[in-house]
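Letter by letter, the chains look like this.
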Amino acid sequence: MIMESRPRPRLPKGFRYLANSVDLSSSSFSSNNTAIDLYISSNIERWVSNKDRYIAIVYGEKDVLGLMVLELHDDYIELAVLAKNYNKARYAKVGSRLAVLAESIARDLGKREIRLEAMQNSHRWWNETMRYEQYMPSYHDPEFGILTPKRKFLL
């Protein structure tokens, strides 16, 4: 169940909430993954206007370096999208910074759990670097390939 909206937590320097999809298109955002880029571009308008979702971005001087979409539920947060702008932030630790921010936002909202579905190429990173655990069997998605449901309990 999705929770009712409340004031969004403040973000640290270098991050902000995405106010409209123009911010993203003006940055020539590309994750270097066609399925993710299509998913973002076809849903961004709806996400921006939805109060049950937070879209946070990492920004550089004038470009969006990465973005995440958080879905707010009663007892957990779903990290629905985590993507870096491959054109602008190829070597920056954008994904790690956004994942840590997601955990911080969850704590600020009083949530004790974050969930996500990891793509096959990021499965080990979520386990080893970010300390998430698989909680349901992996499955095949026709657009994204093998996805593995993961979660992390926050202290």
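Residues numbered from 1 in each chain as written. Predicted model: local features only at pLDDT ≥ 70, side-chain atom pairs only at ≥ 80, totals over all residues. Heavy atoms only, no water.

## Quick notes on helix 3 (residues 94-108)
Since the α-helix packs 3.6 residues into each turn, any two residues three or four apart lie on the same face. Operational definition: Numbered from the N terminus, helices here are DSSP runs of H or I no shorter than four residues, and strands are runs of E no shorter than two. Expected helix span is given by 1.5 Å per residue-to-residue step, counting one fewer step than there are residues. Using a 1.4 Å probe on the protein chains alone, a residue whose accessible area is under 20% of its type maximum counts as buried, one over 50% counts as exposed, and one in between counts as partly exposed.
An ideal rise of 1.5 Å per residue puts 21 Å on 15 residues; helix 3 measures up with 21 Å between its terminal C-alpha atoms. Residues V94, L98, A99, L101, A102, E103, I105 and A106 constitute the buried set of helix 3. A positive backbone phi angle near 80° is found at G110, which sits one or two residues after helix 3.

## Some thoughts on the nonpolar core
The condition is simple: Buried Ala, Val, Leu, Ile, Met, Phe, Trp, Tyr and Cys residues that are joined via side-chain atoms within 4.5 Å together make up what is termed a nonpolar core. Between two residues, a contact is recorded if the distance between any of their heavy atoms is within 4.5 Å.
In this structure, M68, L70, I105 and W126 are the most contacted members of the largest nonpolar core, which totals 28 residues. Contributions of two or more residues to this core are made by strand 1 (15-17), strand 2 (53-59), strand 3 (64-72), strand 4 (77-84), helix 3 and strand 5 (113-119). Among the elements that line this core, the one with the most residues is helix 3, at 7 residues. The contacts of M68, once residues within four sequence positions are left out, are Y54, I55, A56, L79, V81, L82, L98, L101, A102 and I105. Core analysis: the next-biggest nonpolar cluster, separate from the first, contains 16 residues, L24, F29, V69 and L147 among them.

## So, the pairing of strand 5
Rule in force here: Pairing between two strands is assigned when DSSP locates at least 2 bridges connecting them.
By the criterion of burial, strand 5 is predominantly enclosed, with 6 of the 7 residues buried. In this structure, strand 4 lies alongside strand 5, joined through 2 bridges in parallel fashion. Bridging from a neighbouring strand, I77 pairs with I114 of strand 5. The pairing of strand 5 with strand 8 (residues 145-153) spans 7 bridges and is antiparallel.

## Comments concerning the pattern of salt bridges
The criterion, for reference: Take a side-chain nitrogen of Lys or Arg and a carboxyl oxygen of Asp or Glu: if they are within 4 Å of each other, that pair is a salt bridge.
A complete count under the given rule lists 6 salt bridges for this structure. In this structure, E103 and K152 form a salt bridge, with 3.0 Å as the shortest nitrogen-oxygen distance. In this pair, E103 sits in helix 3 while K152 sits in strand 8, placing the two residues 49 residues apart along the sequence. For the pair E103 and K152, a shared accessibility class is recorded, and that class is buried. Residue E133 pairs with R151 through a salt bridge whose shortest N-O separation is 3.2 Å. Here R151 lies in strand 8 and E133 lies in strand 6 (residues 133-134), a separation of 18 residues in the sequence. Residue classification places R151 among the partly exposed residues on the basis of a relative accessible area of 23%.

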